[in-house]
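Fold and contact review
If you want the building blocks of each chain, they are given just below.
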Amino acid sequence: MASGERARYWQYSELPGVDLLHAHYVRKAFARHTHETFVFAAITEGVEAFHYRDDLVHAGPGQIALVNPDTPHTGHAGVPEGWTYRTIYPDAEVIRSIAADTISLRGAVGFTEPVVDDPYAAQLVIGVHRAAEEGNALAADSLLRLVTARMLRSHGGRLASPLLPRSAGASNAVRARAVLEERMADPPTLERLAAELGTSPFALLRAFRETYGMPPHTWLTDARVRRARRLLDAGTAPAEAAVAVGFTDQPHLNRHFTRSVGVPPGAYQRARGTRT
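Notes on the structure in this doc start here. (Residues numbered from 1 in each chain as written. Predicted model: local features only at pLDDT ≥ 70, side-chain atom pairs only at ≥ 80, totals over all residues. Heavy atoms only, no water.)

Moving on to the packing of aromatic side chains. Overall, the coordinates contain twelve aromatic pairs when judged by the stated rule. Three or more aromatic residues link up through ring pairs in this structure, and these residues are Y9, Y89, F257 and Y268. A cation over a ring is seen here: K28 above F30, with NZ or CZ 4.7 Å from the ring centre. (Phe/Tyr/Trp six-rings, centres within 6.5 Å; stacked < 30°, edge-to-face > 60°. Lys NZ or Arg CZ within 6 Å of the ring centre and 35° of its normal.)

Our next topic: the environment of L180. Tracing the sequence through the fold places L180 in helix α4 (residues 168-182). A relative accessible area of 4% places L180 in the buried class. For the pair L180 and L56, spaced 124 residues apart in sequence, the C-alpha separation works out to 29 Å. For L180, the contacting residues outside a window of four places in its chain are P187, P188, L193, F208, P216, W219 and L220. (Helix = DSSP H or I, 4+ residues; strand = E, 2+ residues; numbered from the N terminus. Buried < 20%, exposed > 50% of the residue type's maximum accessible area, 1.4 Å probe, protein only. Contact = heavy atoms within 4.5 Å.)

One way to put it is that helix α5 (residues 190-197) packs onto helix α6 (residues 201-212) with a least axis distance of 8 Å and a crossing angle of 90 degrees. Between α5 and α6, the angle is such that the two are roughly perpendicular. Packed against α5, whose contacting residues are L190, E191, L193, A194 and L197, the element α6 presents P201, L204 and L205 at the interface. Partitioning the contact of α5 with α6 into residue classes produces seven nonpolar, no polar and one charged. (Axes fitted to C-alpha atoms, helices over the stretch in contact; angles between N-to-C directions. Parallel < 35°, antiparallel > 145°, perpendicular 65-115°, else oblique. Nonpolar A, V, L, I, M, F, W, Y, C, P; charged D, E, K, R; others polar.)

Structure representation (structure tokens):
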């Protein structure tokens, strides 16, 4: 990691379904990627800039970056000195449970704004981290529920149910994604994939980008990292996980994993206690 940069990605056993990241980045640049979880990132110093869908947004001290699951985004320093943040990554079931319990909102929920200016809420996110670091399970769980309910009330709501593809292009994008998921370790070329689906390479490229916010090759890299994370969580060695998901070798996984997650796979696995 670049000089002066630091990151810890971990879990607190008494806060299941939630990952934690405390990091300071200067030259770090996150590739366009997605998370299976939600993201609540409280900026404590500096400024983070990130592309969220088609917009470039900025978050500074006292603000929270909010990202819904499966939403493409990037991340880089918005000022020369970089940025420091404490992030919580609650999975969708945690958010749904809190929404149903605190504000009687059921079903698929999410957030409508990528950046929220709310210093009090930012302090709640920081409080979740500090409570977890101190082993205070009651405080960590309570603060997580408080900040989630606050964000849902002010910037949340039910997410629209995904519609079935209405066009041939969108349908082809969905089918292409299924093929890439099934053949992740040995995917076809764009030309072969398009031929299998009965369309042209450029038409498929355009439809896939419109449907998933990124071209097929970028989506595939992101999907490989996500699957590698699940393998690492299950105790698979990084070198084995790399080959299983289609990366050339462990350094290839290391490069892409760090660009999406923020830490190398070995450090990620050790911090989560899943290294065998």
